[in-house]
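An overview of the molecular structure
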Amino acid sequence: MSESEKMSLEQKFSLRSFEAQVQQMSREQAQEFLVKLYEQMIVRENMYKEFIKHQWGLEPISEQ
């Protein structure tokens, strides 16, 4: 396992806590949650892309 794949003790605890919460959800709640989680992942990915573009100076020149 690479360094980036290793979890801290705090992250492991958070994962176990999350796992317990998911176990208490109904199937419908879990499905709704999964869709929202995926949506958040997409938004985060877009934010990272924009941040990298900005940091690397790859933004298109805006026309005014």
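The notes below deal with the structure included here. Small disclaimer: the values here were computed from a predicted structure and weren't measured. (Residues numbered from 1 in each chain as written. Predicted model: local features only at pLDDT ≥ 70, side-chain atom pairs only at ≥ 80, totals over all residues. Heavy atoms only, no water.)

1. Observations concerning the overall build of the protein
Across its full length, the protein carries two helices and zero strands. Sorting the 64 residues of the protein into buried and exposed places 0% on the buried side. Only carbon and sulfur atoms are counted for the fraction: they give 56% of the accessible area of the protein, which is about 6700 Å². (Helix = DSSP H or I, 4+ residues; strand = E, 2+ residues; numbered from the N terminus. Buried < 20%, exposed > 50% of the residue type's maximum accessible area, 1.4 Å probe, protein only. Areas by Shrake-Rupley, 256 points an atom, 1.4 Å probe, with all protein chains shown as cover.)

2. A few points about a nonpolar patch on the surface
A contiguous nonpolar patch, built from Met-7, Leu-15, Phe-18, Phe-33, Leu-34, Leu-37, Tyr-38, Met-41 and Ile-42 and spanning about 800 Å² of accessible area, is present on the exposed surface. Ranked by residue count, the leading element in the nonpolar patch is helix α2 (residues 27–56), at six residues. With respect to the helices and strands, the residue Met-41 is situated in helix α2. Note on Met-41: relative accessible area 48%, which makes it partly exposed. (Patch = residues over 30% accessible without salt bridge, like charges linked within 9 Å, V, L, I, M, F, W, Y side chains within 5 Å. Salt bridge = Lys/Arg side-chain N within 4 Å of Asp/Glu carboxyl O.)

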